[in-house]
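Topology and contacts: notes
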Amino acid sequence: MVMAAGPRRDTRGIIDAPDLFAHVRFRRREPAVALRPYLEHYWLIDWDLTEPYAAHVVPHPSVNLVLQRYEAGDSPRERSGYAEVAGVDPGLFTRKLTGRGRVCGAQFRPGGFRPFAPGHPVSAWTGVRTDAAGVLRPAPPVDAVLDPDDEDARVAALDAFLLDLKPRPDPRAALAMAAVDRVRTDRTVLRVDALARDAGLSARSLQRLFAGYVGVGPKWVILRYRIHEALEAAESGPAVDWARLAADLGYSDQAHLVRDFTATVGVPPTAFAPR
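Since we're looking at a predicted model, the values are computed, not measured.

A closer look at the overall build of the protein
- The number of helices and strands found in the protein is 10 helices and 8 strands.
- Computed over its C-alpha atoms, the radius of gyration of the protein comes to 19 Å, within 12% of the 19 Å expected for a compact globule of 275 residues.
- Principal axes of the C-alpha set define a box for the protein whose edges measure 50 × 45 × 35 Å.
- Here the protein holds 275 residues, and 48% of them are scored as buried.
- Residue pairs in contact within the protein that sit at least 24 positions apart in sequence constitute 70% of those at least 6 positions apart.

Next up, the structure:
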């Protein structure tokens, strides 16, 4: 199932995005205005495949609410549909897709999930995928989100559910979101102490803020966004000056970039090639 052509989208973190879009229908949608301080976007995926396909993503430092249904799933739960809270994933996320299926997700801004589940630090969910009913009250309405073929209805169901959770403004969540956004948009942010100073915090206080509201440390966030940039460079073609890129991304030398890229993606950047 081929994705229709459209405006260029942000594909950072998706490994071989054109190949993914050739196999699934992938859309991003805006949440309700009142939710936008906390959410990046909704993401909707539908597929109908004649052969299995494996999707690979280097995740953002974000928590996701994921509602999913796999018609060829291995369990009744997968076939009927279920909802998970997916914490920040420290590694490469891979999902094998077969037959027909549908996923509707809400990607929270880094720092934006805590107001919806204030009882736990976001680090409690790092590297974890857990039943959403154990984290959010009330539980997500799986059928109301996954049943409609009209994607406007799916978005409306997600909006209604998340608005019903009544997130309250949290100055510390806002501070965490602003700090992560600075890292994402400003390549010159390379050191935790400088980021802390700009936020008006000590390095230790920034670490505690990130543990409570982002789920991973500020150094990890800096490195993850730099790996996203290195991945974009690797996908752009073979003529990449890796030593220069390593310096631009704040690495002490090329070897450190190669090590982090390899640990995250599974192959070194010089051996990486989209399908």
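Let us keep going from here.
Digging into the pairing of strand β2 (residues 39-48)
- Across the 10 residues of β2, 8 count as buried, placing the element largely inside the fold.
- In this structure, β2 lies alongside strand β7 (residues 100-108), joined through 9 bridges in antiparallel fashion. Opposite Asp 46, over in β7, you have Arg 102 as the bridge partner.

A short note on the pattern of salt bridges
- Going through the model one piece at a time under the given rule, you end up with 22 salt bridges.
- Here Arg 95 and Glu 78 are joined by a salt bridge, their closest N and O atoms 3.6 Å apart. Linking Arg 95 in strand β6 (residues 93-97) with Glu 78 in helix α2 (residues 76-80), this pair joins segments that are 17 residues apart in sequence.
- Salt bridges sharing common partners tie together Arg 27, Arg 29, Asp 46, Arg 102, Asp 149, Glu 151, Asp 152 and Arg 154.

What about the packing of aromatic side chains?
- Throughout the structure, instances matching the rule amount to 6 aromatic pairs.
- Judged by centre distance (5.4 Å) and plane angle (40°), the ring pair of Phe 21 and Phe 26 falls under tilted.
- Aromatic ring contacts, followed pair by pair, group Tyr 38, Phe 108, Phe 113 and Phe 116 into a single cluster.
- Seen from the ring of Tyr 70, Arg 95 lies directly overhead, with NZ or CZ sitting 4.1 Å from the centre.
- Sitting above the plane of the Tyr 213 ring, Arg 114 keeps its charged end 4.8 Å from the centroid.

Description of the side chain of His 60
- Structurally, the position occupied by His 60 is in the loop between β3 (53-57) and β4 (64-70).
- From its side chain, His 60 meets the backbone oxygen of Arg 12 in a polar contact 3.0 Å long.
- Setting aside residues up to four positions removed in sequence, His 60 forms contacts with Arg 12, Val 88, Gln 107, Tyr 225 and His 228.

Considerations on the packing of helix α5 (residues 171-185) against helix α8 (residues 218-236)
- In contact at an axis separation of 9 Å, α5 and α8 are set at 35° when each is read in the N-to-C sense. Here the hand of the crossing between α5 and α8 comes out right-handed. Residue-level contacts link Val 180, Val 183 and Arg 184 of α5 to Val 221, Ile 222, Tyr 225 and Arg 226 of α8.
- The residue inventory of the contact of α5 with α8, partitioned by class, reads 5 nonpolar, no polar and 2 charged.

Looking at the pairing of β7
- In terms of residue burial, β7 counts as a mostly covered element, since 8 of its 9 residues are buried.
- Judged from the 7 bridges that link them, β4 and β7 form a sheet pairing that is antiparallel. Within β7, the position partnered with Val 66 by the bridge is Gly 105.

A look at helix α7 (residues 203-213)
- Of all the residues in α7, the buried ones are Leu 206, Leu 209, Phe 210, Gly 212 and Tyr 213. Each buried residue of α7 lies within a common arc of 165° when the element is viewed along its axis, so the set occupies one face. The outward face of α7, more than 90 degrees from its buried face, is lined by the exposed residues Arg 204 and Arg 208.
- In this structure, the buried residues of α7 make contact with α5, α6 (192-199) and α8.
- Among the residues trailing α7, Gly 215 stands out with phi positive, at a value near 105°.

Remarks on the confidence of the model for the protein
- Model confidence for the protein is summarised by a mean pLDDT of 91, while 95% of its residues fall at 70 or above.
- Throughout residues 1-8 the model reports pLDDT below 50, and contacts reaching past four residues in sequence, or to other chains, amount to 16 contacts.

A closer look at the environment of Phe 210
- Inspection of the secondary structure puts Phe 210 in helix α7.
- C-alpha of Phe 210 to C-alpha of His 120: the two residues are 90 residues apart in sequence and 13 Å apart in space.
- In this structure, Phe 210 is in contact with Ala 179, Val 180, Leu 195, Gly 215, Val 216, Gly 217, Pro 218 and Val 221, ignoring residues within four places of it in sequence.

Side note on the environment of Asp 74
- You can see Asp 74 is positioned in the loop between β4 and α2.
- The exposed category is assigned to Asp 74, whose relative accessible area is 76%.

What counts, and at which threshold
Residues numbered from 1 in each chain as written. Predicted model: local features only at pLDDT ≥ 70, side-chain atom pairs only at ≥ 80, totals over all residues. Heavy atoms only, no water. Helix = DSSP H or I, 4+ residues; strand = E, 2+ residues; numbered from the N terminus. Rg over C-alpha atoms; globule rule 2.2 N^0.38 Å. Buried < 20%, exposed > 50% of the residue type's maximum accessible area, 1.4 Å probe, protein only. Contact = heavy atoms within 4.5 Å. Pairing = 2+ DSSP bridges. Salt bridge = Lys/Arg side-chain N within 4 Å of Asp/Glu carboxyl O. Phe/Tyr/Trp six-rings, centres within 6.5 Å; stacked < 30°, edge-to-face > 60°. Lys NZ or Arg CZ within 6 Å of the ring centre and 35° of its normal. Polar contact = N/O pair within 3.5 Å; in protein donor to acceptor, adjacent residues only side chain to side chain. Axes fitted to C-alpha atoms, helices over the stretch in contact; angles between N-to-C directions. Left-handed = near helix turned anticlockwise from the far one by under 90°. Nonpolar A, V, L, I, M, F, W, Y, C, P; charged D, E, K, R; others polar. Arc of directions from axis to C-beta. pLDDT = per-residue confidence, 0-100.

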